[in-house]
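Here are the chains, one letter per residue:
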Amino acid sequence: MSDLTKLTIAAARDGLAAGDFSSRELTAAHITAMEAAEPLNAFITKTPEKAVEAATDSDTRRGKGEAGKMDGIPIAIKDLYCTKDVLTTAASHILDGFTPKYESTVTANLWAEGAVMLGKANLDEFAMGSSNETSFYGNVANPWRREGDNRMLVPGGSSGGSASSVASFSAMGATGTDTGGSIRQPASFTGIVGMKPTYGRCSRWGVVAFASSLDQAGPMTRTVRDSAIMLEAMAGFDPKDSTSVDLTVPNFEAALTGDIRGMKIGIPNEYRLDGINPEINALWEKGIDWMKSAGAEIVDISLPHTKYALPAYYIIAPAEASSNLARYDGVKYGLRVEGEDLNDMYASTRAEGFGAEVKRRLLIGTYALSAGYYDAYYLKAQKVRTKISDDFKEAFKQVDAILTPTAPSAAFAYGEKGDDPLEMYLNDVFTVPASLAGLPGISVPAGLSEEGLPLGLQILAKPFDEETVFKAAGVLEEAAAFAATPADWWRG
Amino acid sequence: MGMIVQGATGDWEVVIGLEVHAQVTSNAKLFSGSATEYGAEPNSQVSFVDSAMPGMLPVINEKAVEQAVRTGLGLKAQINKYSVFDRKNYFYADLPQGYQISQYLQPVVGEGKITIDLADGESREIGITRLHLEQDAGKSLHDQHPNMTLVDLNRSGVALMEIVSEPDMRSPEEAAAYVKKLRSILRYLGTCDGNMEEGSMRADVNVSVRRPGDEFGTRCEMKNINSVRFMQQAIIYEANRQVDILEEGGSVDQETRLYDPVKGETRSMRSKEEAHDYRYFPDPDLLPLEFDDAFIDGIRVTLPELPDDKKARFVSELSLSPYDAGVLVAEKEVADYFEAVAEGRDAKLAANWVIGELFGNLNRTGKPLGESPVSAEGLGSLIDLIKDGTISNRIAKEVFEEMFDTGKNAADIVEEKGLKQVSDTGAIEAAIDEVIAANPDKVAEYKGGKDKLFGFFMGQVMKATQGKANPGVVTQILRPKLDD
C-alpha cells in the first residue's frame, strides 16, 4: 500500500473516484509515512486520529456521491493556520498551549472540499526565516542530501515543514504561507511546486499574521496540476478579511492546456546577479530555451528597482511584524512569565517567549516606525515598494509572464550560512520583489545542482492572473521532466 | 468672558482645547460584530477579534462610518472622501492587540465649528480641528481583587469618535458650554447618546495660561474627564497651578495629568519624556476609507434640524425670546414636545407652560420628559381651555398639577371639580351686588377717590364665586356699578 504515497493529488483523486482505494487506505499510508519521517521533524503536531476520522467521513461522502475537490486527500497544514481545537503554535514558545476555538478560512475551505489533515507542519518561528532554523520546536530536515555527504540540509523557510512533508511523501500536499518567499524558496530547496497566489486571493483570516500587507496563503505540492487543484480549494473571497478580493475563483486546472505558443515571457536583466553560482544562471538559460521551444516569445525586460526590493522588504515586513506581534504579551493566552509588575511581566514573557530571529525583526521594525525615523525608513520603503510595483506594471505591458530563478542557491547545511542574518536574507532576493508587488508566483522544480540537489525556477504574472502562471508552469514542468526523488534515508 | 487669573505680577488668560471621545451609537463595535450594550456581564460582549486572538482581522462597521460622516455634517465640517486607519502602538493589559486602530494623518472629518451659547446671552464660535474614528480599549478593574487587576473587554473595540477642538475656549464656562452644545448636537444627530455617566462621552482637557495677547503657553492634558462639573473644577485647579508656577519664575512642563475629583486636584501621570512613541502607521489589515459625494449627500438629506437652526426659527417664527428658545432646543425631545404643544396654539403661552409648569413638575418628581404623565397633546388641550375661556390661568395651574399627578385629562378634571369659569352675567351680577351691599364703607371710600379699592372688590367677587368667575366679565359689570 505504500505506493499510495507516491501518487499525485490528481491521480489519487481519480483513484478514489474509481474506487481503486479508499481515503482510509490513502490516509493510513500517509500516516505511516509521516511517522517514519519523524527524523525530518516536519510536524509540530500530528493528528492521526483526526485524520482517520476525516478519511472515514470522506469515504462516507464519496459513497453518497458528495465528494468535494480535495475529498479524502491527506495534507499537512503549516502551523501558522489556526485550526479549531488543535494546538496552534506558529513554532513559537510564546504560543504555548494555544488551542484556537476557530478555524482559519483557508483550512475551513479545504475541509469543505473534503481534505484530510495529517497534522500541523513545522516552520520558522512566526514564519520569520529562510531555513527553518528558528522554530522553537527544532530544525526541520530537508529530505534531500548532497551526493556523498550525509550532513543534514535545511528545507528552506519559512514553510520548511510543509515542504519537507510533501517532498518526503508524508503528505500529498501542504499549505504554506509566503511573505517574502516562504512558499517558493522551500519548494525550490526540496524539489516541489510552491505557489504564492496574488495578495488577496486567499483569505488571511485565522492565519497568524507576520506582515499583513505581504502574507499570503498558498499550496505546496509535487506537481503543477496538484497546485492548481489545491489552490482552487483554498482560494476565495472572505468578507472577514478586508484585503481579500471579491473575484470568482477560476478553474485553475483548466488553465493547464500545455499551450504557450505566442505567450510573451519576460527575462528581467536585473535578476542576473554578480557572484551567483553559475549553475543557477545555467538552469535559468535552460528554462528560457524550454519556453522558447514550446513556442513562447522571449522578451528581455528591465525591472530597474529590483536591487532596492530586499532592503525595502526588510523594513516593511519587520515594521508590520513589530505591531502584529504586540498581542503576544502574556495577558490573554500562551506563555506568561510572571513579573514584579505589568511591564516586568511583558518583558519577561517576551524575552523568554520569542526566539532570537523574531526579536531581531521586532527590534528592526520598532526602530523603523519610531518617531523621527518613520519617514527615513518606513515611508521610504513604501515608496520603493510603489516603484517596484510600477516596474512590474510596465513590464506586464510587454509580457504575459516573467521567468526567473527561485533562489540564489540550492539547499544549504545547518549553520552553513554562518551568523550573518544579511546573508540569510539574500535567500529571498528573487522572491521578494513579487511579494512587494503582490503578484502571483510559482516555483517549479527544474533540475538538479552539481551536488544533486533540486533547483527551482519561478514564474510570475499579473495580479489575479494565476491561470497564466499555471499554464506556463505546466509547460516548464513538462519540459524539465524533473523526476528525481530524495533517497528515503530517514527510514533508517 | 474669559477667565482671568490674577497673579501678583499681573493677569493670566486661560486657554482651553478639548478632545471629546464620543461613543458612536451603533449596535456593533467598530471592527467586529460584537454587541455594545452598556452594563452587560464582564467579558460577555467580546469576539475573537476584540480579544485579539491570533489571525483575527478587523472589518469596518459601515454604520459607524455613516455616523462619523453624519456627525461631521452636523458640525458643518469638511468631510474627507479618503481617509486612513492607522495603528497606534502601545502596551497595556486592557489593549489586547497591543495597538489601537485609530486615524492619524488622514481623519474622516476635517475642520468644522460649533457655536456655543453663553450665560450673558452672547454666543461664540469654537473651531473643530478634526473628527476621527477609533476603537475603545477594554477596562482594567483594579479594585476587584487584593493583588490582581481584572480586565473587562466589553468595551474593547467599541467605536468612538474623537472630536478635537481648536484651543478656542477661554474659561471653564466656555468649555462647559462647548461640551453641552456638542452633546446636544450629537443627540440631535443620533450619533452618540451623550451619556457621560456611562462613559459614552469623555473629555481630554488641554489647559495652558498666557499673558493676554501673548503666544500660547505650554499645555497640560487632563485625561478622561467624565462630567462637565469635574471638567470645570479641573480647569480652574490646573490654571491656578500653572499660574503659581509661572509667578514663581518656573516653567510649566508639558505632561499628561490626572484629575482627582475626590481631592479636587490634578497630578502628573507622565511627562513629555515619558510620553509614548505610538509608532503610528497605516493599518495593513484595512483598506483606506473611500466614498463619493452620493454617499455624503445620502446622509446629508437625512439630517434633522439642528439646535441652532431650531432656535433661530423659534425666535423668528414663533417670537420666543432667545433665552426661552435656547432652553427649549437644548434637548431634541423637549423641542419636539414643545412644538407639538405649540402647533396651532399661542407659541409663547406654550413655551411658558413647558418651561414653567411642566419642567417644575418634572423636577419636583424627578421624572425625565419621556415619563411625563402629561403628554404634549394633554398640555395642548389644557391651553385650549384657557384660550376659550373655560378656565382661568390660575385654575389651569391647579388642573395641570392634577393632570400630572393622576394622568387624567384636563376637560375631565375641570368637569369633575366644577372648575368651569362662570361667564353668566346674571350670576356674576348677583355676586357683585352682594359684595357692594356688604361693604358700604368701602364703596364710599372708592367713590371718594380711593381707586385702588377696585382690586378689593374684584377679589371679593372672585372669592364669592370660588375663583370661577371670568375676571373680564366681572370687570365689565363691576366698574360701571361702582362708578355710578
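Residues numbered from 1 in each chain as written. Chains lettered and ligands numbered in written order. Predicted model: local features only at pLDDT ≥ 70, side-chain atom pairs only at ≥ 80, totals over all residues.

**Comments concerning the overall build of chain B**
Convention followed: Only DSSP runs of H or I covering at least 4 residues are called helices, and only runs of E covering at least 2 are called strands; the numbering of each starts at the N terminus. Counting other C-beta atoms within 10 Å of each residue's C-beta, where C-beta atoms are placed from the backbone, gives the exposure class: buried for 20 or more, exposed for 12 or fewer, partly exposed between. Two residues qualify as being in contact provided that their C-beta atoms, derived from the backbone, are within 7 Å of each other.
Counting its regular elements, chain B contains 15 helices and 16 strands. Principal-axis analysis of the C-alpha atoms places the extent of chain B at approximately 95 × 55 × 55 Å. The buried share of chain B, reckoned over its 484 residues, is 40%. A sequence separation of at least 24 residues applies to 67% of the contacts in chain B between residues at least 6 apart.

**Structural notes on the sheet that holds strand β4 (residues 86–89) of chain B**
Residues and elements named next belong to chain B. The cut-off we apply is this: Pairing between two strands is assigned when DSSP locates at least 2 bridges connecting them.
On the basis of which strands lie adjacent, the open sheet formed by three strands has the order β5-β4-β15 and antiparallel pairing. In this open sheet, the two edge strands, each paired with only one partner strand, are β5 (99–102) and β15 (281–282). Relative to β15, β4 runs antiparallel, the two sharing two bridges. Paired with Arg87 across the strands is Phe281, a residue of β15.

**Looking at the interface of chain A and chain B**
What counts, and what does not: Only Asp, Glu, Lys and Arg are considered charged, only Ala, Val, Leu, Ile, Met, Phe, Trp, Tyr, Cys and Pro nonpolar, and every remaining residue, Gly among them, polar.
Of the residues lining the interface, 32 residues belong to chain A; the matching set on chain B comes to 24 residues. Going through the elements one at a time, α9 (309–324), α10 (342–353) and α11 (356–369) of chain A are the ones with two or more residues in the side of chain A that touches chain B. Element by element, the count of residues in the side of chain A that touches chain B is highest for α9(A), at three residues. Across the side of chain A that touches chain B, the residue classes break down as 16 nonpolar, nine polar and seven charged.

**Brief notes about the sheet that holds strand β6 (residues 216–221) of chain A**
Within a sheet, adjacent strands bond to each other through the backbone by hydrogen bonds, running parallel or antiparallel. Residue and element names in this part refer to chain A. Worth spelling out the cut-off: Helix axes use the C-alpha atoms of the stretch in contact, all axes being lines fitted to C-alpha atoms, and the angles between their N-to-C directions lie in the range 0 to 180 degrees.
Taken together, eleven strands build an open sheet; the order of strands is β1-β3-β2-β4-β6-β5-β10-β11-β9-β7-β8 and the sheet is mixed. The two strands at the open ends of the sheet, each matched to only one other strand, are β1 (43–46) and β8 (297–301). When the angles between neighbouring strand axes are averaged without regard to direction, this sheet yields 30°. Strand direction decides the pairing type here: strand β5 (residues 193–196) and strand β10 (residues 441–448), joined by three bridges, are antiparallel. In the strand pairing of β10, Gly194 is matched with Ser443.

**Section: the packing of helix α12 (residues 425–438) of chain B against helix α14 (residues 453–464) of chain B**
Residue and element names in this part refer to chain B. For clarity, the cut-off: Here the word oblique covers every angle except those under 35 degrees (roughly parallel), over 145 (roughly antiparallel) and from 65 to 115 (roughly perpendicular). Each helix crossing is assigned a hand: it is left-handed if the near helix lies turned anticlockwise from the far helix by less than a right angle, otherwise right-handed if that turn is clockwise.
The N-to-C vectors of α12 and α14 enclose an angle of 125°; their axes lie 9 Å apart at closest approach. With respect to their mutual orientation, α12 and α14 come out oblique. For the pair α12 and α14, the sense of crossing is right-handed. Across the interface between the two elements, Ala431, Ile432, Glu434 and Val435 from α12 touch Phe457, Gln460, Val461 and Ala464 from α14. A class-by-class count of the residues in the contact of α12 with α14 yields six nonpolar, one polar and one charged.

**Some remarks on the nonpolar core**
Residues and elements named next belong to chain A. Put simply, the test is: Residues of type Ala, Val, Leu, Ile, Met, Phe, Trp, Tyr and Cys that are buried and joined through C-beta atoms within 7 Å form what is called a nonpolar core.
Grouped together as the largest cluster of nonpolar side chains are 149 residues, with contacts concentrated most on Ile75, Ala401, Ile459 and Leu476. Ranked by residue count, the leading element in this core is α9, at ten residues. Discounting residues that sit within four places of it in the chain, Ile459 has contacts with Ala401, Leu403, Gly441, Ile442, Val444, Val469, Ala472, Ala473 and Leu476.

**So, the pairing of strand β3 (residues 116–121) of chain A**
All names here are of chain A. To keep it simple, the criterion reads: When the strands point away from the viewer and the path from the first strand over the helix to the second turns clockwise, the crossover is right-handed.
Counting buried residues in β3 gives six out of six residues, a clear majority hidden from the surface. Two strands pair when backbone bridges link them, and β1 and β3 are joined in this way by three bridges, in the antiparallel orientation. Across the sheet, the residue bridging to Lys46 is Gly119, located in β3. Pairing analysis gives five bridges linking strand β2 (residues 74–78) to β3, with the strands arranged parallel. Bridge pairing in β3 places Ile77 opposite Lys120. Taken together, β2, helix α4 (residues 105–112) and β3 constitute a β-α-β crossover, and its handedness is right-handed.

**Concerning the pairing of strand β14 (residues 265–271) of chain B**
All names here are of chain B. As paired strands, strand β13 (residues 255–260) and β14 are joined by six bridges and run antiparallel to one another. Paired with Glu255 across the bridge in β14 is Ser271. The hairpin formed by β13 and β14 contains four residues between the paired strands, and Gly264 there has a positive phi angle of roughly 70°.

**Comments concerning the environment of A:Lys417**
All names here are of chain A. Its place among the elements puts Lys417 in the loop between β9 (401–405) and α13 (421–425). With 20 C-beta atoms counted inside 10 Å, the residue Lys417 sits in the buried group. C-alpha separation for the pair Lys417 and Glu478, spaced 61 residues apart in sequence, amounts to 33 Å. With near-sequence residues (within four places) excluded, Lys417 lies in contact with Ser131, Phe412, Glu423 and Met424.

**A look at the domain arrangement of chain B**
The condition is simple: Where a domain begins and ends is set by an automatic assignment or by a domain database.
Structurally, chain B comprises domain 1 (4–299), domain 2 (307–417) and domain 3 (425–483). Distance between the C-alpha centres of domain 2 of chain B and domain 3 of chain B: 33 Å.

**Quick word on the packing of α9(A) against α11(A)**
Residues and elements named next belong to chain A. Orientation of α9 relative to α11, taken along the N-to-C sense of each, is 95°, at an axis distance of 7 Å. Relative to α11, the element α9 is oriented roughly perpendicular. Contacts between α9 and α11 involve Ile315, Pro318, Ala319, Ala321 and Ser322 on the former and, on the latter, Arg361, Leu362, Ile364, Gly365, Thr366, Ala368 and Leu369.

**So, unusual backbone geometry**
Residues and elements named next belong to chain A. The omega torsion of the bond from Gly157 to Ser158 falls at 10°, within 30 degrees of zero and hence cis. Unlike most non-glycine residues, Phe169 shows phi in positive territory, near 60°. With respect to the element layout, Phe169 can be found in the loop between α5 (160–167) and β4 (173–178).

**So, α5(A)**
Residue and element names in this part refer to chain A. Across the eight residues of α5, eight count as buried, placing the element largely inside the fold. For α5, the full list of buried residues reads Gly160, Gly161, Ser162, Ala163, Ser164, Ser165, Val166 and Ala167. For α5, the elements touching its buried residues are β1, β2, β3, β4, α6 (184–190) and β6. Of the residues flanking the end of α5, it is Phe169, one or two places downstream, whose phi is positive at about 60°.

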